[in-house]
Amino acid sequence: MTNTPVLVTGGTGTLGRHVVPLLRAAGRDVRVLSRHGGAAADGASEAADGVTYVRCDLLGDGTGLADALEGVDTVLHLAGGPKGDDAATRTLVAAARRAGVRHLVYISVIGADRIPLGYFRAKHVAEEAVADSGVPYTILRAAQFHDLALTVVEKMAKLPLVPAPGGVRWQPVDAREVAARLVELALNEPAGLVPDLAGPEVYAMGELTRGYLRALGRTRPHLPVRVPGKVGRAYRSGANLTLAGAEQGHRTWEDFLAERLAS
Ligand SMILES: NC(=O)c1ccc[n+]([C@@H]2O[C@H](COP(=O)([O-])OP(=O)(O)OC[C@H]3O[C@@H](n4cnc5c(N)ncnc54)[C@H](OP(=O)(O)O)[C@@H]3O)[C@@H](O)[C@H]2O)c1
């Protein structure tokens, strides 16, 4: 088996931190690309057997990118943020094509082509950049991760009245299950746009907050609110969900909360 390093952009993020050890367990060397390299907040370098780090800002001038792609056949592109995924992905795919990459795996989000918000639009433009790149590719659209749901409900649950946006539902999925699927896809042949990966249950936003408060043994009054405009309509129509034809993770929101709040 080849052991050219697999490049993981965003290998230091929530998802990437699960992907890297799975690739190592599959016997692959890993090169991680991020803006901070492998430096932790205290400046120490995160050394791990078979893992090297490259510092590169995909929204910067591209310094470090050619070195990151040197000798790489497979790239998992997980780097992302609230803004700029379109531009960052265009930069990456152009360099990947030049470097002769044979498989580019991209993580997108369910509803990328349907939710009229900047983050989703940028993910969709990024998908198109990958699909049009000429580099053989696989794209997986996942639902929101439990970690993100937790960040959102923690903020909402601090308010004296917890907003409960009517008709807005989520299908949160465990980032570890997304990571496992991505690694499986990366180690197989390029497959184009594959079936979405969503969590096992659909929850109204208010149910997510109530579940969180219940797990903490608390209660808070909820205030029904209506998300206005076309964004509200898109969410109420379920454009951020895949109710049929998705692969489903197994870990529920309740499983995640029990584990996270116990630690
Ligand atoms: N979170 C969700 O619910 C969800 C759902 C579906 C899809 N996704 C997608 O999954 C991917 C990973 O999400 P996540 O939650 O793991 O994100 P995250 O925890 O915020 O991690 C983002 C990663 O990207 C790197 N990064 C950010 N901007 C960069 C830049 N300009 N150049 C190079 N590296 C950069 C970060 O490292 P540095 O800070 O060191 O640069 C970090 O490693 C994203 O593409 C996201 O859109 C997320």
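Predicted model, so just to flag it, every value in this text is computed and none were measured.

What counts and what doesn't
Residues numbered from 1 in each chain as written. Predicted model: local features only at pLDDT ≥ 70, side-chain atom pairs only at ≥ 80, totals over all residues. Heavy atoms only, no water. Helix = DSSP H or I, 4+ residues; strand = E, 2+ residues; numbered from the N terminus. Buried < 20%, exposed > 50% of the residue type's maximum accessible area, 1.4 Å probe, protein only. Contact = heavy atoms within 4.5 Å. Areas by Shrake-Rupley, 256 points an atom, 1.4 Å probe, with all protein chains shown as cover. Pairing = 2+ DSSP bridges. Right-handed = clockwise from strand over helix to strand, strands pointing away. Patch = residues over 30% accessible without salt bridge, like charges linked within 9 Å, V, L, I, M, F, W, Y side chains within 5 Å. Salt bridge = Lys/Arg side-chain N within 4 Å of Asp/Glu carboxyl O. Lys, Arg positive; Asp, Glu negative; His and termini not counted. Charge placed at Lys NZ, Arg CZ, Asp CG, Glu CD. Near = heavy atom within 4 Å. Polar contact = N/O pair within 3.5 Å; in protein donor to acceptor, adjacent residues only side chain to side chain. 1 Å grid on protein atoms, 1.4 Å probe; cavity = no way out; pocket = protein on both sides within 12 Å on 5 of 7 lines; lining within 4 Å. Sits in = over half its atoms within 2 Å of the grid points. Nonpolar A, V, L, I, M, F, W, Y, C, P; charged D, E, K, R; others polar. Phe/Tyr/Trp six-rings, centres within 6.5 Å; stacked < 30°, edge-to-face > 60°.

**Looking at the overall build of the protein**
Okay, so step 1: Check the secondary structure of the protein and you find nine helices and 13 strands.
Okay, so step 2: Taking the principal axes of the C-alpha coordinates as reference, the protein spans close to 55 × 40 × 35 Å.
Okay, so step 3: Per-residue burial over the protein gives 49% buried out of 263 residues.
Okay, so step 4: For the protein, long-range pairs separated by at least 24 residues make up 77% of all intrachain contacts whose partners lie at least 6 apart in sequence.
Okay, so step 5: Here the protein displays about 12,400 Å² of accessible surface, and carbon together with sulfur accounts for 53% of that area.

**Points about the pairing of strand β4 (residues 74-77)**
Okay, so step 1: Neither face of β4 is open: one carries Thr74 and Leu76, the other Val75 and His77, and all of them are buried.
Okay, so step 2: Sheet topology note: the strand β1 (residues 6-9)/β4 ladder contains three bridges and is parallel. Bridging across to β4, Val8 finds its partner in Leu76.
Okay, so step 3: Sheet analysis places β4 next to strand β5 (residues 103-109), joined by four bridges and oriented parallel. Paired with His77 across the strands is Tyr106, a residue of β5.
Okay, so step 4: The handedness of the β4 to β5 crossover, carried by helix α3 (residues 85-99), is right-handed.

**What to know about a positive patch on the surface**
Okay, so step 1: Together, Arg121, Arg226, Lys230 and Arg233 line one region of the surface with positive charge.
Okay, so step 2: Within the element layout of this structure, Arg226 appears in the loop between β12 (222-225) and α8 (229-236).
Okay, so step 3: On the accessibility criterion, Arg226 (63% relative accessible area) is exposed.

**A closer look at the site of the ligand**
Okay, so step 1: In the vicinity of the ligand, 27 residues are found, and the nearest of them are Thr12, Arg35, His36, Tyr119 and Phe145.
Okay, so step 2: A distance of 3.0 Å is found between an oxygen atom of the ligand and a backbone nitrogen or oxygen belonging to Gly13.
Okay, so step 3: Here an oxygen atom of the ligand and a backbone polar atom of Leu78 are 3.5 Å apart.
Okay, so step 4: Burial of the ligand by the surrounding chains reaches 85%, relative to a free accessible area of 900 Å².
Okay, so step 5: For the ligand, the cavity whose grid points lie within 2 Å of the majority of its atoms is the largest pocket.
Okay, so step 6: If you list the elements that add at least two residues to the shell around the ligand, you get β2 (30-34), β5 and α4 (118-131).
Okay, so step 7: In terms of residues, the shell around the ligand owes the most to one element, β5, which gives three residues.
Okay, so step 8: Class assignment of the residues belonging to the shell around the ligand gives a composition of 14 nonpolar, nine polar and four charged.

**Quick look at the side chain of Thr9**
Okay, so step 1: Summarising the element assignment, Thr9 is placed in strand β1.
Okay, so step 2: Look at Thr9 and you get buried, because its relative accessible area is 0%.
Okay, so step 3: Ignoring sequence-local partners within four residues, the contact set of Thr9 consists of Leu33, Leu58, Val75, Leu76, His77, Leu78, Ala79 and Leu92.

**Concerning the packing of aromatic side chains**
Okay, so step 1: With the rule as written, the count across this model stands at two aromatic pairs.
Okay, so step 2: Taken together, a centroid distance of 5.9 Å and an interplanar angle of 15° make the contact between Trp253 and Phe256 stacked. In this pair, Trp253 and Phe256 are both assigned in helix α9 (residues 253-262), three residues apart and thus about one turn of the helix distant. Of the two residues, Trp253 and Phe256, both sit in the buried class.

Honestly, that's just the spatial picture; any functional story needs more than this.
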